[in-house]
Amino acid sequence: ALPRLPFHAGTYLALTGQRIGRADALALGLVTHAVASADLPAVEAELAAGGDIEATLKKYEAVTEIAPLLAHRETIERIFALPDVPAIMAALEADGGDFARTTLATMRTKSPTSMALALEQMRRGRDLSFEDAMTLEMRIVTHVLEGEEFYEGVRAVIIDKDQAPKWQPATIAEVDPATIQRYFAPLSDDLRF
């Protein structure tokens, strides 16, 4: 779903790890309806009793605030359409707005390899079928577990709790494009549907 989100919002989310709430999920088309958590038992009971799905969801529809990402749509669309992570980071730096500065600061804490990998995954995933996307996910996860970045992130956050991962390579400029391409290589036991 992320590669197909409007205005490159999926790429923004993939590169920053930002979370979204129900208003953004609705605005981006990730969900069709939103109900309050407290109403879920009533929704479930009405649906289990054979209630009309659309009418039930409409009855309990939660009022949502304005989607925060929409306020930054132009910036996200302009910058996250750029061809690579260095170009995206340079554009964020050149933009100078609060949103761009905050986004750039967030990206600077992320693994350079993971950001390059996420961007390539977003680009490749736009036109994949569900089955092909799952095969690609399996390839990526398998290759990630063979590397060191995942384990360094776990060390920094869970084991040592120093929140200071030592990424290798340390900067996005040092990421070898050939290394990123290897994450997409077929496996000897590729996932088949």
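Scroll up for the structure.
Residues numbered from 1 in each chain as written. Predicted model: local features only at pLDDT ≥ 70, side-chain atom pairs only at ≥ 80, totals over all residues. Heavy atoms only, no water.

1. Details of the overall build of the protein
Test applied: By definition, any uninterrupted DSSP run of H or I lasting at least four residues is a helix, any uninterrupted run of E lasting at least two residues is a strand, and each is numbered from the N terminus. A simple rule labels every residue: compare its accessible area, found with a 1.4 Å probe on the protein chains alone, to the largest value its type can have, and call it buried under 20%, exposed over 50%, or partly exposed in between. Contacts were defined at the residue level, with two residues in contact if any of their heavy atoms lie within 4.5 Å. Here the Shrake-Rupley method, with its probe set to 1.4 Å, supplies the accessible areas, and only the displayed protein chains count as covering residues. Residues scored as positive are Lys and Arg, those scored as negative are Asp and Glu, and His as well as the terminal groups of each chain are ignored. Just so you know, the charge point we use is NZ for Lys, CZ for Arg, CG for Asp and CD for Glu.
For the protein, the helix and strand inventory stands at 11 helices and zero strands. Reading the secondary structure of the protein in the N-to-C direction produces α-α-α-α-α-α-α-α-α-α-α. C-alpha extents for the protein along the principal axes are approximately 55 × 45 × 40 Å. Here the protein holds 193 residues, and the buried ones make up 35% of them. Pairs at least 24 apart in sequence give 64% of the contacts found in the protein among residues at least 6 apart. Carbon together with sulfur atoms contributes 57% to the accessible area of the protein, which is approximately 11400 Å² in total. Averaged over its 19 positive side-chain charges, the protein has a centre that lies 2 Å from the centre of its 29 negative ones.

2. Let's talk about a nonpolar patch on the surface
Selection rule: Patch building starts from residues that exceed 30% relative accessible area and form no salt bridge, then joins like charges within 9 Å and nonpolar side chains (Val, Leu, Ile, Met, Phe, Trp, Tyr) within 5 Å. Each salt bridge in this description consists of a side-chain nitrogen of Lys or Arg and a carboxyl oxygen of Asp or Glu lying within 4 Å of one another.
A contiguous nonpolar surface patch, about 500 Å² in accessible area, is contributed by F130, M134, M138, L191 and F193. Here L191 falls in the partly exposed class, since its relative accessible area comes to 32%.

3. Considering the side chain of T106
Here T106 shows up in helix α7 (residues 98–107). Leaving out residues up to four positions away in the same chain, T106 has contacts with T16 and Q18.

4. A look at the side chain of D190
Defined as follows: Polar contact is defined as a pair of N or O atoms within 3.5 Å, subject to the rule that within protein one atom must be able to donate a hydrogen and the other to accept it, and that residues adjacent in sequence are counted only when both atoms are side-chain atoms.
Examined against the element boundaries, D190 turns out to sit in the segment after α11 (177–182). Here R139 takes part through its side chain, which lies 2.6 Å from a polar atom of the side chain of D190. Look past the residues within four positions of D190 in its chain and what remains in contact with it is T135 and R139.

5. Description of the packing of helix α8 (residues 112–125) against helix α9 (residues 130–146)
Each pair of packed helices gets described by two things: the angle between the helix axes and the distance between those axes. Quick reminder of the rule: Fitted lines through C-alpha atoms give the axes, limited to the stretch in contact for helices. The angle between two N-to-C directions lies from 0 to 180 degrees. Angular relationships are summarised with four words: roughly parallel below 35 degrees, roughly antiparallel beyond 145, roughly perpendicular across 65 to 115, and oblique for the angles in between. By the definition used in this description, the sense in which the near helix is turned from the far one sets the handedness, with an anticlockwise turn below a right angle giving left-handed and a clockwise turn giving right-handed. Residues are grouped as follows: Ala, Val, Leu, Ile, Met, Phe, Trp, Tyr, Cys and Pro are nonpolar; Asp, Glu, Lys and Arg are charged; all remaining types, including Gly, are polar.
Running from N to C, α8 and α9 point in directions that differ by 165 degrees, and their axes come no closer than 12 Å. Our classification of the angle between α8 and α9 gives roughly antiparallel. The interaxial crossing formed by α8 with α9 has right-handed handedness. Of α9, the residues touching α8 (which contributes L117, Q121 and R124) are L136, E137, I140 and V144. In terms of residue class, the contact of α8 with α9 is made up of four nonpolar, one polar and two charged.

6. A look at the pattern of salt bridges
Counted according to the given criterion, the structure contains 11 salt bridges. When the shortest N-O distance is used, the salt bridge between R101 and D98 registers 2.2 Å. Linking R101 with D98, this pair stays in helix α7, spanning three residues, or about one helical turn. We classify R101 as partly exposed; its relative accessible area is 46%. Residue R139 is joined to D190 by a salt bridge in which the shortest nitrogen-to-oxygen separation is 2.6 Å. With R139 in helix α9 and D190 in the segment after α11, this residue pair connects regions lying 51 residues apart in the sequence. Judged on exposure class, the residue R139 and its partner D190 are both buried. Several salt bridges converge on common partners, so that one network encompasses E152, R155, D160 and D162.

7. Comments concerning the layout of surface pockets
Where we set the bar: Using protein atoms alone on a 1 Å grid, points that fit a 1.4 Å probe yet trap it form a cavity, whereas open point sets bounded by protein on both sides within 12 Å along at least five of seven lines form a pocket; residues with an atom within 4 Å of a point count as lining. Grid points are joined across faces, edges and corners, and a volume is the space filled by probe spheres set on the points.
Roughly 730 Å³ of volume is contained in the largest pocket. Lining the largest pocket we find 28 residues, and of these K110, S111, S114, M115 and W167 sit closest to its centre. Put simply, the parts of the chain that give the lining of the largest pocket at least two residues each are α1 (9–16), α8 and α10 (149–159).

8. Observations regarding the packing of helix α6 (residues 85–95) against α8
At a closest axis distance of 10 Å, the pairing of α6 and α8 adopts a crossing angle of 105 degrees. Classified by the interaxial angle, the pair formed by α6 and α8 is roughly perpendicular. In contact with V85, I88 and M89 of α6, α8 contributes M115, A116 and L119.

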